[in-house]
There are 2 protein chains.
Amino acid sequence: MSRSARKEIEPDLGILAGRVLLSVQREVVETLAAQGHERIRPKHGAVLAYLDAEGSRATELAQRSGQHKQVIGTLVDELIDLGYVRREPDPDDRRAKLIVPTELGLDQMNRSDELLALIERRLAAVVGEQAYADFKHTFQEIATLRQQAGQGG
Amino acid sequence: MSRSARKEIEPDLGILAGRVLLSVQREVVETLAAQGHERIRPKHGAVLAYLDAEGSRATELAQRSGQHKQVIGTLVDELIDLGYVRREPDPDDRRAKLIVPTELGLDQMNRSDELLALIERRLAAVVGEQAYADFKHTFQEIATLRQQAGQGG
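Since the model is a prediction, treat every value here as computed from it, not as a measurement.

J.: What should I look at first to understand the overall build of chain A in this one?
T.: The helix and strand tally for chain A stands at seven helices and two strands. Reading chain A from its N terminus to its C terminus gives the helix and strand order α-α-α-α-α-β-β-α-α. Considering only C-alpha atoms, chain A reaches an extent of 60 × 40 × 30 Å along its principal axes. Long-range pairs, those at least 24 residues apart, make up 45% of the contacts in chain A with a sequence separation of at least 6.

Structure follows, in structure tokens:
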């Protein structure tokens, strides 16, 4: 059997994670484009998926998304140009800056959170509520194990 | 509770898929860099993870990876420059080209397949063999459902 045929039958963890991420990102980008957010790209999720309504520091966004702080800085610059976020002084630390969502940013964040919840409800309805809950439980355990492995070296 | 605190406790499917993909890609890139493949980047996985030893067409690689054919073409050009693949005439269709791995490409493909299998054995040992098998089963079902949803519109 060819390598690709074998992987089609038994895809590895990286292939499955990649396929699901890509398809979820595409549905979010396409659905939100039809709702007025046509300039948002999948890469912007590294900021918008992790941003708090009250604002977040760039270092926090880097930690949460697993992206380098430099990548986050570039994405924030783009999102400022697109009108989704502002940089403001952090009231807790005058030397630091907070990334704060605008009304447009908050609208995107709320809509994408709702869409993700809908996507998961649809999947759970097909694979079964208990099977989906078990899947999410193990997935979260694996994500935590992988993060620990990454921090350990 | 803040949005980010809520997502930390109950990450959605997109966040989990993104975290696991990023950590697997990083381990593959770092481990293989130490084994002589220091110029391979995560993005090259869209070609190298799906390539057959006998060669594959760009359209097949686009289908398998979910990337656009234009993206695949750019990655193939880079991998040709890096010495990992060649473009050859397809013996089954004179107008078509096959992307064929070089010896260096085959070495990368074998090493990354082995590393993925090792990563999965390590995870299964921690979360439990049965729990891991159940997780993979549901993940594959979800990836298939998502692909069908994507094709449907």
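What follows continues from the structure just given.
J.: I tried to follow the interface of chain B and chain A on my own but got confused; where do I start?
T.: Note on interface size: it is often stated as the accessible area lost on association of the parts. Each partner contributes residues to the interface: chain B has 46 residues there, and chain A has 46 residues. Mapped by element, the contributors of at least two residues to the side of chain B that touches chain A are α1 (3-9), α2 (13-33), α6 (103-127) and α7 (129-152) of chain B. Of all the elements, α2(B) adds the most residues to the side of chain B that touches chain A, at 14 residues. By residue class, the composition of the side of chain B that touches chain A is 23 nonpolar, twelve polar and eleven charged.

J.: Teacher, can you tell me more about the relation of the copies chain B and chain A here?
T.: The two chain copies are connected by a rotation around an axis plus a translation along it. For the pair chain B and chain A, the superposition axis carries a translation of 0.0 Å, the fit reaches an RMSD of 0.0 Å, and the rotation angle comes to 180 degrees. Look at the turn and shift together and you get a two-fold axis relating the two. When the interface residues of chain B are mapped onto chain A, 100% of them again lie at the interface, so the same face is used by both copies.

J.: Help me understand helix α4 (residues 58-65) of chain B, please; the structure alone is not making it clear to me.
T.: Two residues of an α-helix separated by three or four positions point the same way, owing to the 3.6 residues in each turn. Among all positions in α4(B), only B:Leu61, B:Arg64 and B:Ser65 are buried. One side of α4(B) holds all its buried residues, which, seen down the axis, span an arc of 85 degrees. Packed against the buried residues of α4(B) are α1 (3-9) of chain A together with α3 (45-48), α5 (69-81) and β2 (93-101) of chain B. Trailing α4(B) by a residue or two, B:Gly66 shows a phi angle of about 80 degrees, which is positive.

J.: Can you help me understand the pairing of strand β2 (residues 93-101) of chain A in this one?
T.: The side chains of a regular strand alternate between both faces of the sheet. Residue and element names in this part refer to chain A. In this structure, strand β1 (residues 85-90) lies alongside β2, joined through six bridges in antiparallel fashion. Bridged to Val 85 within β2 is Pro 101. Hairpin connection of β1 to β2: two residues between the antiparallel strands.

J.: Hey, could you run me through the nonpolar core in this one?
T.: Generally speaking, nonpolar side chains in soluble globular proteins are found buried as a group. Formed by 62 residues in total, the largest nonpolar core has its most connected members in A:Ala17, A:Val20, A:Val47, B:Ala17, B:Val20 and B:Val47. Discounting residues that sit within four places of it in the chain, B:Ala17 has contacts with A:Ala17, A:Val20, A:Leu21 and A:Val24.

J.: Would you mind showing me how to read the environment of A:Ala96 here?
T.: All names here are of chain A. Note that Ala 96 resides in strand β2. Ala 96 gets classed as exposed once you count the C-beta atoms within 10 Å, which come to 12. Distance from Ala 96 to Arg 57, taken between C-alpha atoms, is 7.8 Å for residues 39 residues apart in sequence. If sequence neighbours within four positions are ignored, Ala 96 has contacts with Arg 57 and Asp 90.

J.: Honestly, the packing of α2(B) against α6(B) in this entry has me stumped. Any pointers?
T.: When two helices pack together, their arrangement is given by the angle between the helix axes and the distance between those axes. Residue and element names in this part refer to chain B. Where α2 contacts α6, the axes come no closer than 10 Å and their chain directions differ by 130 degrees. Looking at the two axes, α2 sits oblique to α6. When you trace α2 past α6, the crossing you get is right-handed. Residues Val 24, Glu 27, Val 28, Thr 31 and Leu 32 of α2 touch α6, and the partners they reach there are Gln 108, Arg 111, Ser 112, Leu 115 and Ile 119. In terms of residue class, the contact of α2 with α6 is built from five nonpolar, three polar and two charged.

Rules used in this analysis
- Residues numbered from 1 in each chain as written.
- Chains lettered and ligands numbered in written order.
- Predicted model: local features only at pLDDT ≥ 70, side-chain atom pairs only at ≥ 80, totals over all residues.
- Helix = DSSP H or I, 4+ residues; strand = E, 2+ residues; numbered from the N terminus.
- Contact = placed C-beta atoms within 7 Å.
- Nonpolar A, V, L, I, M, F, W, Y, C, P; charged D, E, K, R; others polar.
- Least-squares fit on C-alpha atoms with pLDDT ≥ 70 in both.
- Buried ≥ 20, exposed ≤ 12 C-beta atoms within 10 Å, placed from the backbone.
- Arc of directions from axis to C-beta.
- Pairing = 2+ DSSP bridges.
- Core = buried A, V, L, I, M, F, W, Y, C linked by C-beta atoms within 7 Å.
- Axes fitted to C-alpha atoms, helices over the stretch in contact; angles between N-to-C directions.
- Parallel < 35°, antiparallel > 145°, perpendicular 65-115°, else oblique.
- Left-handed = near helix turned anticlockwise from the far one by under 90°.

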